[in-house]
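Observations on the model geometry
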There are 2 protein chains.
Amino acid sequence: MHKIKLLDDCIHELARLPGVGRKTAARLAMHILKMKPEDVHRLADRLTAFKDNTVFCSVCGGLSEGETCPICMDTYREPHVLCVVEEAKDIFIIEQTSYYKGRYHVLGGKISPLDGIGPDNLRIAELLDRVQAEGVTEVILATNPDVDGETTAIYLTRRLKSIADSAVKVTKLASGIPLGTHIEYADEMTVLRALESRREI
Amino acid sequence: MHKIKLLDDCIHELARLPGVGRKTAARLAMHILKMKPEDVHRLADRLTAFKDNTVFCSVCGGLSEGETCPICMDTYREPHVLCVVEEAKDIFIIEQTSYYKGRYHVLGGKISPLDGIGPDNLRIAELLDRVQAEGVTEVILATNPDVDGETTAIYLTRRLKSIADSAVKVTKLASGIPLGTHIEYADEMTVLRALESRREI
């Protein structure tokens, strides 16, 4: 059986990406063969430029091209509201709504005893420091609504409430039926949460 | 709404790949951020090395790192049997079986009037030349079993049979129930073909 080493190398590297199996990698490789050379080079350049030049913001832990990210440097953003997210990528989803005007704090994960991740492995001490130093009045917890995320939210609430001389308000993203779907397709835990959190209209 | 330009550029390029939407591209980008720098550079290098150094074999039209591909150069391969495939990538699937010992001929597509692809747009003249020049005794048609692929197979059979002084045998890959599946999940055309092509055991 004959192989083309360049193709094999290309497929091998692509297949290491998450969600990309060997079949998909082979399909992508054949597509790359049909692309214009300049397009392939631009793709490769942008992958490495992104990897080499992106760092984590020293304040919030979000993605940044410099020491401090544009959100932390933006003086128009509300400085007394912090939104706590698990990962840097979650910031982009919230930013897309154009609703939130406060700042962020990235935990770098969630408390997950099974994976050996405890409070000390997350940026929780930094969060408590910021809340005190920046005079934060509201912390919005935007951890994911799964077991570990909820555990993390409960833990953070307790820690935030225990800060001496602090009257910080702790809130959490609402859970419920996602828009654009049907109730019949929602799982019962989501429906239960939506019922509990029903509001008068 | 704040954006990181490097991230945006990276997502934009990834989202141009087939089967990769913006959500998948964002997920891949976040994965790239977690990868080791040397792994990202190797991925980028292999994409461009594959693109820049892979050409099509001047004989069979398959992928090659040089003027002639390893299969066409391999003197141990049966020179009188040609397997006709639509695309260069189809060669790899057939090679994986380690069963076929002949050579290949890539058409570069299939006859598709709706897409404006006629016989003159494919490497059919080259195929007929090779059959005569190389003294080919059997041509195996491995076009896809869809409407255009079958049309192409019928057309090729007629052209191959009409070569003067030639007694070339033309065969076609068998169609039938794929292994490992259940008959109940096969479509009726496949079952019909499997019944027609039934063989005594």
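Rules and cut-offs
- Per chain, residue numbering runs from 1 following the sequence as it is written.
- As a convention, the first chain written is A and the first ligand written is 1, with the rest following in written order.
- Only residues with pLDDT of at least 70 are given local features in this predicted model, and only at 80 or more are side-chain atom pairs given and counted; all residues enter the totals for whole chains, interfaces and linings.
- To obtain the side-chain values, all non-hydrogen atoms of the structure were included, while hydrogens and water were left out.
- The aromatic pairing rule takes the rings of Phe, Tyr and Trp, using the six-membered ring of Trp, and pairs them if the centres are within 6.5 Å, calling planes under 30 degrees apart stacked, those over 60 edge-to-face and the rest tilted.
- The buried label goes to any residue with under 20% of its type's maximum accessible area, the exposed label to any with over 50%, and the partly exposed label to all in between, with areas taken from a 1.4 Å probe on protein chains only.
- We call two residues in contact when some of their heavy atoms are within 4.5 Å.
- Take the accessible area each of two parts loses on contact, using a 1.4 Å probe, and add the two losses: that sum is the buried area.
- Salt bridge, as used here, is a side-chain nitrogen of Lys or Arg placed within 4 Å of a carboxyl oxygen of Asp or Glu.
- Identification of polar contacts relies on pairs of N or O atoms within 3.5 Å, with a donor-acceptor requirement for protein atoms, meaning one able to donate a hydrogen and the other able to accept it, and with residues adjacent in sequence counted only if both atoms are side-chain atoms.
- The start and end points of each domain follow an automatic or database-based domain assignment.
- Fitting of the copies onto one another was done by least squares over C-alpha atoms, counting residues only where both copies have pLDDT of at least 70.
- Each helix is a run of H or I in the DSSP string that is no shorter than four residues. Each strand is a run of E no shorter than two, and both are numbered from the N terminus.

This part is about the packing of aromatic side chains. Residues and elements named next belong to chain A. Using the criterion set out here, one finds two aromatic pairs over all chains in the structure. For the pair Tyr100 and Tyr104, a centre-to-centre distance of 5.2 Å together with 65° between the ring planes defines the contact as edge-to-face. Residue Tyr104 is classed as buried on the basis of its relative accessible area of 1%.

Attention now goes to the interface of chain A and chain B. With 55 residues of chain A in contact, the opposing surface of chain B contributes 55 residues. Carbon and sulfur atoms make up 72% of the surface buried where chain A meets chain B, a total of about 5,500 Å² over both sides. Linking chain A with chain B are six salt bridges. Here Asp39(B) ties to Arg16(A) by a salt bridge, and the two come within 3.6 Å at their closest N and O atoms. Linking chain A with chain B are 16 residue pairs in polar contact (both at pLDDT 80 or more), by the criterion used here.

In this section: the domain arrangement of chain A. For chain A, the domain assignment lists domain 1 (5–53) and domain 2 (56–200). For domain 1 of chain A and domain 2 of chain A, the distance between their C-alpha centroids amounts to 34 Å.

To continue, consider the relation of the copies chain A and chain B. For these two chains of identical sequence, chain A goes onto chain B by a turn of 180° and a shift of 0.1 Å along the axis, with RMSD 0.1 Å. Viewed as a symmetry operation, the transformation between the two copies matches a two-fold axis. For chain A, the smallest separation between a C-alpha atom and the rotation axis is recorded for Ala44(A), amounting to 2.2 Å. Comparing interface residues between copies, 100% of those in chain A also lie at the interface in chain B; the contact surface is shared.

This part takes up the environment of Thr151(B). Tracing the backbone through its elements, the reader meets Thr151(B) in helix H7 (residues 147–161). Along the sequence, Thr151(B) and Ile111(B) sit 40 residues apart, while their C-alpha atoms lie 6.9 Å from each other.

What follows deals with the environment of Ile11(B). Residue and element names in this part refer to chain B. Structurally, Ile11 can be placed in helix H1 (residues 5–14). C-alpha of Ile11 to C-alpha of Glu78: the two residues are 67 residues apart in sequence and 47 Å apart in space. Excluding residues within four positions of it along the chain, Ile11 makes contact with Arg22, Ala25, Ala26 and Ala29.

This next bit is on unusual backbone geometry. The backbone of Ser98(A) sits at a positive phi, close to 60°, despite the residue not being glycine. Assignment of secondary structure puts Ser98(A) in the loop between helix H5 (88–96) and strand E4 (103–106).

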